[in-house]
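Here is how the chains run, residue by residue.
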Amino acid sequence: MKIQEKYSLKNLNTFGVDVSAKYFAEVKDVDDLKYAIEFAKINHYEILFLGGGSNILFTEDFGGLVIKLNLKGISEEFLNENEVLVTAKAGENWHEFVQFCLSENYGGLENLSLIPGNVGTSPMQNIGAYGTEIKDTFVKCKVLNIETLEIEEFNKEECGFGYRDSIFKGEGKGKFVILEVTFKLSTKNHQIKTEYGAIKNELDKLGIENPTIQDVSRAVISIRQSKLPDPQILGNAGSFFKNPTIPLQQFTEVQNSYPQMPNYPNGEMVKIPAGWLIEQCGWKGKQVGNVASHELQALVIVNKTGNATGKEIYDFSTMIIESVKDKFGIGLEREVNIV
């Protein structure tokens, strides 16, 4: 493994922001990873772990060591006739991993098709889509303790999963690097989830009445491709903001002024689609300089010209946050990690 200097990260982040790392290392096994971490520790460099680069916004050059995690491999352990444990290394591409599971007829991840990024970052965000989240099938993950360089294991409870949240974004941030993730999936008697979003409509359009997990995946891919731009063509990081959750009382007050506001009640809290809020503020398709809100999905911020700086994108997101706050009194939170 070679540690390189002044390394361009332009092709390693899906926004295509042109920044560089003072030092860069691509690691393919745990020994390489430990060596790279030791190098950073000895020289007192900050470390940034990079997976698929799909949930990060660089606002400036990185003055420490960027470690690109490229650990690969998938293994299986059958528990019984209907359950299998599937373990994927952190560097496996998420969508390719989902497609592997579907090719083996393993159910549970099909609603998470076409989410960008790598397996290693999936528990950090508790990634989710169309009524499914990582925590629904997650069993455990192996991590490397950055301080001790010892391998540890976290089960579902220890990960503290929340909405787009986990211990790795909270008290464990900067303390661990995820090496592999294990999921419990079904081999038959699959639980098909088609009630969320537009999946049912998409299946109806395809004339499918009794969908398989593969059908659900195809429907999800079709929906996502119709709404979300391909990062290789138009730089973006998918959904830039979390869907805000507000107290029921606050929702009732806002709903008086905006009775058509879509909402998803959950006890004393109500989730509001961030994309709807942003669109109502006139941002859908709007461009400022090199940056725009996507014309088909206001929740997605795009590097419209390909020349946007991270600061331009960040400032654009700030303008959106301020306008939503002014109009609705609701605060938006960035889902993308800012560096």
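The model shown is predicted, which means the values in this text are computed figures rather than measured ones.

Caption draft 1: The arrangement of the sheet that holds strand β7 (residues 83–89) in detail. The five strands are arranged β6-β7-β12-β10-β11 in an open sheet whose pairing can be described as antiparallel. Two strands lie at the open edges of the sheet, namely β6 (74–80) and β11 (151–155), each paired on one side alone. Across the sheet, the mean angle from the axis of one strand to that of its neighbour is 20 degrees, orientation sign disregarded. Pairing between strand β10 (residues 138–145) and β11: five bridges, direction antiparallel. Among the inter-strand pairings, Cys-141 is bridged to a residue of β11, identified as Phe-154.

Caption draft 2: Focus on the sheet that holds strand β15 (residues 264–266). With antiparallel pairing, three strands are arranged side by side in an open sheet as β14-β16-β15. Sheet topology places β14 (245–247) and β15 at the edges, where each strand pairs with a single neighbour. Averaged over all pairs of adjacent strands, the angle between their axes in this sheet comes to 30 degrees, without regard to strand direction. Both β15 and strand β16 (residues 269–271) contribute to a ladder of three bridges, which runs antiparallel.

Caption draft 3: Quick peek at the packing of aromatic side chains. Evaluation of the coordinates by the stated rule reveals 17 aromatic pairs. Note on Phe-78 and Tyr-106: the rings are 6.2 Å apart at their centroids and 70 degrees apart in plane angle, and the pair reads as edge-to-face. With Phe-78 in strand β6 and Tyr-106 in the loop between α2 (94–103) and α3 (122–125), this residue pair connects regions lying 28 residues apart in the sequence. Ring centres of Phe-97 and Phe-183 lie 5.7 Å apart, and the angle between their planes is 35 degrees; this geometry places the pair in the tilted category. Here Phe-97, found in helix α2, pairs with Phe-183, found in strand β12 (residues 176–186); they are 86 residues apart in sequence, far enough to count as distant. For the pair formed by Phe-97 and Phe-183, the shared burial category is buried. Through successive ring pairs, a cluster of aromatic residues spans Phe-15, Phe-240 and Phe-241. In this structure, Lys-286 is placed above the aromatic ring of Trp-283, and the distance from its NZ or CZ to the ring centre is 4.5 Å. Here Lys-327 stacks its cationic end above the ring of Phe-328, 5.9 Å away from the centre of that ring.

Caption draft 4: Seen up close, the side chain of Glu-110. With respect to the helices and strands, the residue Glu-110 is situated in the loop between α2 and α3. One buried charged residue, Glu-110, forms no salt bridge at all, with the nearest opposite charge on Lys-193 at 8.0 Å. Side-chain polar atoms of Glu-110 contact the backbone nitrogen of Gly-108, separated by 2.7 Å. With sequence-adjacent residues up to four places away left out, Glu-110 is seen in contact with Val-98, Leu-102, Gln-191, Ile-213, Val-216, Ser-217 and Val-220.

Caption draft 5: Unusual backbone geometry, seen in detail. The backbone phi angle of Tyr-130 is positive, close to 50 degrees, even though this residue is not glycine. Inspection of the secondary structure puts Tyr-130 in the loop between β8 (128–129) and β9 (132–133). Notably, Leu-149 is not glycine yet its phi reads approximately 60 degrees, a positive angle. Topologically, Leu-149 is positioned in the loop between β10 and β11. Note on Leu-149: relative accessible area 11%, which makes it buried.

The rules behind the values
- Residues numbered from 1 in each chain as written.
- Predicted model: local features only at pLDDT ≥ 70, side-chain atom pairs only at ≥ 80, totals over all residues.
- Heavy atoms only, no water.
- Pairing = 2+ DSSP bridges.
- Helix = DSSP H or I, 4+ residues; strand = E, 2+ residues; numbered from the N terminus.
- Axes fitted to C-alpha atoms, helices over the stretch in contact; angles between N-to-C directions.
- Phe/Tyr/Trp six-rings, centres within 6.5 Å; stacked < 30°, edge-to-face > 60°.
- Buried < 20%, exposed > 50% of the residue type's maximum accessible area, 1.4 Å probe, protein only.
- Lys NZ or Arg CZ within 6 Å of the ring centre and 35° of its normal.
- Lys, Arg positive; Asp, Glu negative; His and termini not counted.
- Salt bridge = Lys/Arg side-chain N within 4 Å of Asp/Glu carboxyl O.
- Polar contact = N/O pair within 3.5 Å; in protein donor to acceptor, adjacent residues only side chain to side chain.
- Contact = heavy atoms within 4.5 Å.

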